[in-house]
Amino acid sequence: ENDLGTKLDRIVLTEKEIRDRIHELAAEIDRDYADRDLLLVGVLKGAVMVMADLSRALHVPVTVDFMAVSSYGSGRRSSGVVRILKDLDESIEGRHVLVVEDIIDSGLTLSWLVANLRSRGPASVEVFALMRKPDALVADVDVRYVGFDLPREFVVGYGLDYAERYRNLPFVATLTSEAYDG
Ligand code: PRP
Ligand code: MN
Ligand code: MG
């Protein structure tokens, strides 16, 4: 046992590491979208934290919208089946869209989502992902802004859940085997 308790094993990204990296990438986005009308599309529920922090770190004017899709279900792995649980409120025709994701694991969610959004006639679609895992490189997902490349281990916190828990941790951590037992 350590000071994280019996369920959390090791901190992978601290609050400060996350905050600093988001501000670095926000400065890039400010430059890239200086004279454009930017629409941030957050992917619920995991992207809630990064959407809140990234949008507040930007200086360019933005509008925000959300989609809810799910691929993990309640377990630890992507099922490959992407369901739209909530669609965008507004049309994205002619808009510059930046999809905001917490993590790209297999890349299945995002490759499906980007194709779906491109079919709606936007001016551009780019992707921001705070975290990316190695398998995402195999899937054909073109990510414009990446916060951190992580090893292939299951992580929770800062929006990421295991069976809907741990999303509200302000940092990213691994779980001990006890956490999976129930
Ligand atoms: C998680 C995560 C990403 C996606 C990544 O969402 O937030 O959206 O899986 O996995 P992939 O690259 O293998 O497709 P999840 O489907 O668990 O829904 P949630 O955001 O509501 O937790
Ligand atoms: Mn998600
Ligand atoms: Mg999930």
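As the structure is a prediction and not an experimental result, all values here were calculated from the model. (Residues numbered from 1 in each chain as written. Chains lettered and ligands numbered in written order. Predicted model: local features only at pLDDT ≥ 70, side-chain atom pairs only at ≥ 80, totals over all residues.)

A. Spatial organisation of the environment of valine 143. Looking at the secondary structure, you find valine 143 in the loop between strand S6 (124-132) and strand S7 (145-149). Here valine 143 falls in the partly exposed class, since 18 other C-beta atoms lie within 10 Å of it. Along the backbone, valine 143 and glutamate 24 are 119 residues apart, and their C-alpha atoms lie at a distance of 16 Å. Ignoring any residue separated from it by four or fewer positions in sequence, one finds valine 143 in contact with Ile104, Val127, Ala129 and Arg132. (Helix = DSSP H or I, 4+ residues; strand = E, 2+ residues; numbered from the N terminus. Buried ≥ 20, exposed ≤ 12 C-beta atoms within 10 Å, placed from the backbone. Contact = placed C-beta atoms within 7 Å.)

B. Structural detail: the environment of glutamate 164. Turning to its location among the elements, glutamate 164 is positioned in the loop between strand S8 (155-156) and strand S9 (172-175). You can call glutamate 164 exposed: it has 8 C-beta atoms within 10 Å.

C. Here's a closer look at the nonpolar core. Membership of the largest hydrophobic core comes to 40 residues, with the highest contact counts inside it found for Leu98, Val99, Val100 and Phe128. Of all the secondary-structure elements, those providing two or more residues to this core are helix H1 (15-32), strand S2 (38-44), helix H2 (48-57), strand S5 (96-104), helix H3 (108-118), S6, S8 and S9. Not counting residues within four places of it along the chain, the set of residues in contact with valine 100 comprises Leu40, Val41, Gly42, Val43, Ala47, Val50, Met51, Leu54 and Phe128. (Core = buried A, V, L, I, M, F, W, Y, C linked by C-beta atoms within 7 Å.)

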